[in-house]
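Tertiary structure, described
One letter stands for each residue in the lines below.
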Amino acid sequence: MKTIAVIGLGYVGLPLAVEFGQHRKVIGFEINQARVDELVAGHDSTLETSDEDLAAAQYLTFTTNINDIKEAQLFIVAVPTPTDKNNRPDLTPLIGASTTVGKVIKEGDIVIYESTVYPGATEEDCVPVIEKVSGKKFNKDFFVGYSPERINPGDKVNTLTTIKKVTSGSTPEVGKEVDALYNEIITAGTHLASSIKVAEASKIIENSQRDINIAFVNELAKIFNLMNIDTLEVLEAAGTKWNFLPFRPGMVGGHCIGVDPFYLAQKAQEVGYHPEIILAGRRLNDSMGAYVATEVVKLMVKAGKTVKNAKALLLGITFKENCPDIRNTRAIDVYHELKDFSMDVDVFDPWASHEHVQEEFGIDMIDEITDFDHYGCVILAVSHKQFSHIDYKKFKNSGAIIYDVKSVLPKDIIDARL
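What counts and how
Residues numbered from 1 in each chain as written. Predicted model: local features only at pLDDT ≥ 70, side-chain atom pairs only at ≥ 80, totals over all residues. Heavy atoms only, no water. Core = buried A, V, L, I, M, F, W, Y, C linked by side-chain atoms within 4.5 Å. Buried < 20%, exposed > 50% of the residue type's maximum accessible area, 1.4 Å probe, protein only. Helix = DSSP H or I, 4+ residues; strand = E, 2+ residues; numbered from the N terminus. Contact = heavy atoms within 4.5 Å. 1 Å grid on protein atoms, 1.4 Å probe; cavity = no way out; pocket = protein on both sides within 12 Å on 5 of 7 lines; lining within 4 Å. Points joined across faces, edges and corners; volume = space filled by probe spheres on them. Nonpolar A, V, L, I, M, F, W, Y, C, P; charged D, E, K, R; others polar. Phe/Tyr/Trp six-rings, centres within 6.5 Å; stacked < 30°, edge-to-face > 60°. Pairing = 2+ DSSP bridges.

Digging into the nonpolar core
The tendency in soluble globular proteins is for nonpolar side chains to be buried side by side. By size, the foremost hydrophobic cluster in this structure holds 37 residues, and its most contacted members are L314, I317, M343 and I379. Elements that contribute at least two residues to this core include exactly α7 (196-226), α11 (288-302), β9 (311-315), α12 (331-340), β10 (344-348), β11 (377-380) and β12 (401-404). Counting residues per element, this core draws most heavily on α11, which supplies seven residues. I379 has contacts with V292, V296, L313, L314, L315, L338, Y403 and V405, leaving out every residue within four places of it along the chain. Core analysis: the second largest hydrophobic core is formed by 36 residues, F75, V127, F138 and I196 among them.

Laid out in structure tokens, this is it:
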């Protein structure tokens, strides 16, 4: 069986490496030595892979040495595809990974990309890098596949093997080989797309569609709030129809839904089309953090509370519930907006790393909630399971305004919800 090298050992790459590592030889390559050290020690700090699953991958090894992956015949690239400060696609990690592969690729090898990109990126941006570095010819000396990741961080039900996988290849024969490879580990089956561009496009619209749907219900929440109508009750009533889509309002962050629409928008503009719905959805969703903070301040003013120098408690800083990932979290928007109102904001999140939050945002989180009497407001921004055990009545009894972004708390103990 061919040896696999997985380039990038984050939320996407590690689960892949672990699954394949139970069946064939896999070399996990990562430029971050600290990440390799923790994996060699048998622990995954992203919590996507358990210590038991790591130990079960008997054919898996980890390295930061490029020479160790020279023996591989299959290279799976699973690196981040972020945007820059202007929301333009940043292919730096992808180009770096392609350069790494180009240094070690041999005749007949196949490179499979999993990173979410706009249609055409694999063949137009990545392949030329491999050709330039290796001196080899695409579809003659080496081949390429694309199989977009569908990892849902923190989800222990819809996991890598139980989600149907889209596959593709640069030739029909390579497409079949890539498809057969993933069928070794994907119990839900695969869908072999007709081309790499089709596979790329299918992934980018998955997250763009979700982003637009959430933007719609976020707009509804703003409208219904002005009309004093409970949005959740409206959605529950509408949800009794069989074909109503059950989306909830909220802050849309993370490395997928909050980023991928910009990749599609960028490519659309390159080919001469200005996307309206996609970018409108992004603008609306990116405004929700400021909206939440403003609504909280309004409630405090109505209750006769002083806003300036008031203490606020922000529950949750990760981008989603029960997950330690803080990348592109929109909870930070609430924090900054409250600070702009001259409030003193405590952040409590049992899932997030204190070190990572300090490095990324300059925030020193509190270790636990010890003071229930001096908060002017409490905002539940992320619905971590631990937050369901907090006694919110203690905050309520001290006069705090409680705002439930996630609509998970009992209605009788909150002042408002999104």
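Things to note about the layout of surface pockets
Considered as a void within the structure, the largest pocket measures approximately 1,300 Å³ in volume. Forming the walls of the largest pocket are 42 residues, and the residues nearest its centre are G10, Y11, T46, P80 and R327. Only α2 (33-40), α4 (92-104) and α13 (354-361) provide two or more residues apiece to the lining of the largest pocket. Residues belonging to the lining of the largest pocket are distributed by class as follows: 17 nonpolar, 15 polar and 10 charged. Computed from the structure, the second largest pocket encloses a volume of approximately 1,000 Å³. The residue makeup of the lining of the second largest pocket, split by class, is 13 nonpolar, nine polar and eight charged.

Quick look at the packing of aromatic side chains
Using the criterion set out here, one finds seven aromatic pairs in the structure. Considering the side-chain rings of F372 and F395, the 4.8 Å spacing of their centres and the 40 degrees angle between planes classify their relative orientation as tilted. Residue F372 is found in the loop between α13 and β11, and its partner F395 is found in helix α14 (residues 392-397); the two are separated by 23 residues along the sequence. Across this residue pair, the class does not change: F372 and F395 are buried.

Description of the sheet that holds strand β13 (residues 416-417)
Strand order in the open sheet formed by five strands is β10-β9-β11-β12-β13, with parallel pairing between adjacent strands. Edge positions in the sheet fall to β10 and β13, since each of these pairs with one other strand and no more. By the bridge criterion, five bridges tie β9 to β10 in an arrangement that is parallel. Bridging across to β10, L313 finds its partner in D346.

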